[in-house]
Amino acid sequence: MKQMISINKKGTSLKGANQVFLEYMLGAIKVDQVINWAGELLTSLDPLSCCPEIISIAELKQIEVTSWKIQPDVLLKEIVEKYYADFKVRSVESDIYAKACLREKCAELLLGKLTQPEFFAVVSNIYEMFKNPLWLGNLYHIASISEIYTNPAVFETELKKEIKKRLTEL
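Residues numbered from 1 in each chain as written. Predicted model: local features only at pLDDT ≥ 70, side-chain atom pairs only at ≥ 80, totals over all residues. Heavy atoms only, no water.

Draft legend 1. Spotlight on the overall build of the protein chain. Along the protein chain, the regular secondary structure elements total eight helices and two strands. In the protein chain, the order of α-helices and β-strands from amino to carboxyl end is β-β-α-α-α-α-α-α-α-α. Dimensions of the protein chain, computed from C-alpha atoms along their principal axes, come out at roughly 50 × 35 × 30 Å. In the protein chain, which comprises 170 residues, the share counted as buried stands at 40%. Within the protein chain, contacts between residues separated by at least 24 positions form 61% of all contacts whose residues are at least 6 apart in sequence. If you sum the accessible surface of the protein chain, you get close to 9,600 Å²; carbon and sulfur atoms cover 55% of it. Both charge centroids of the protein chain, one from 21 positive and one from 22 negative side chains, sit 4 Å from each other. (Helix = DSSP H or I, 4+ residues; strand = E, 2+ residues; numbered from the N terminus. Buried < 20%, exposed > 50% of the residue type's maximum accessible area, 1.4 Å probe, protein only. Contact = heavy atoms within 4.5 Å. Areas by Shrake-Rupley, 256 points an atom, 1.4 Å probe, with all protein chains shown as cover. Lys, Arg positive; Asp, Glu negative; His and termini not counted. Charge placed at Lys NZ, Arg CZ, Asp CG, Glu CD.)

This is the structure in structure tokens:
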């Protein structure tokens, strides 16, 4: 699997279609974020910026959702199949992207940019897709018993402790 590095007009790198697709599959990003990514990619020098599917995804920003003839995730999947034919969920590269995604979500939760249910959904998807990877640490266990914690303060302390640990280890 090859990762193309694109630089947007701000000078920051953009994620590859395979990484964005994996994040979408994990529930870490939503459709509007896929559309925004495609819009940034469209204005970059990335070779994929000329890809008809990227153009189609990017133009969805200007079209009412009810008028969409195809969903962005379908187009994104087509891009990955076409340009990243060796993409597999369980691979060394996907593992790296999933770790980066988890680290990003841990930071967002710690900073209050993400709700616990959104975070726990991503954790659960990682657990299932990657068959309980070691780098997930204790997060899945904490997520799975979050509803039955009788002391919210203890739960918050345990969650923050594990989040901080993931941030230092990922």
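After that view of the structure, there is still more to cover.
Draft legend 2. Fine view of the packing of helix α6 (residues 116-129) against helix α8 (residues 152-169). For the pair α6 and α8, the least separation of the axes is 14 Å and the interaxial angle reads 50°. As judged from the angle between their axes, α6 and α8 are oblique. Taken as a pair, α6 and α8 cross one another with a handedness that is left-handed. When α6 is examined against α8, the residues Gln116, Phe119 and Phe120 are found in contact with a partner set consisting of Phe155, Glu156, Leu159 and Ile163. The residue makeup of the contact of α6 with α8, split by class, is five nonpolar, one polar and one charged. (Axes fitted to C-alpha atoms, helices over the stretch in contact; angles between N-to-C directions. Parallel < 35°, antiparallel > 145°, perpendicular 65-115°, else oblique. Left-handed = near helix turned anticlockwise from the far one by under 90°. Nonpolar A, V, L, I, M, F, W, Y, C, P; charged D, E, K, R; others polar.)

In short, the description is geometric, and any link to function would need to be established separately.
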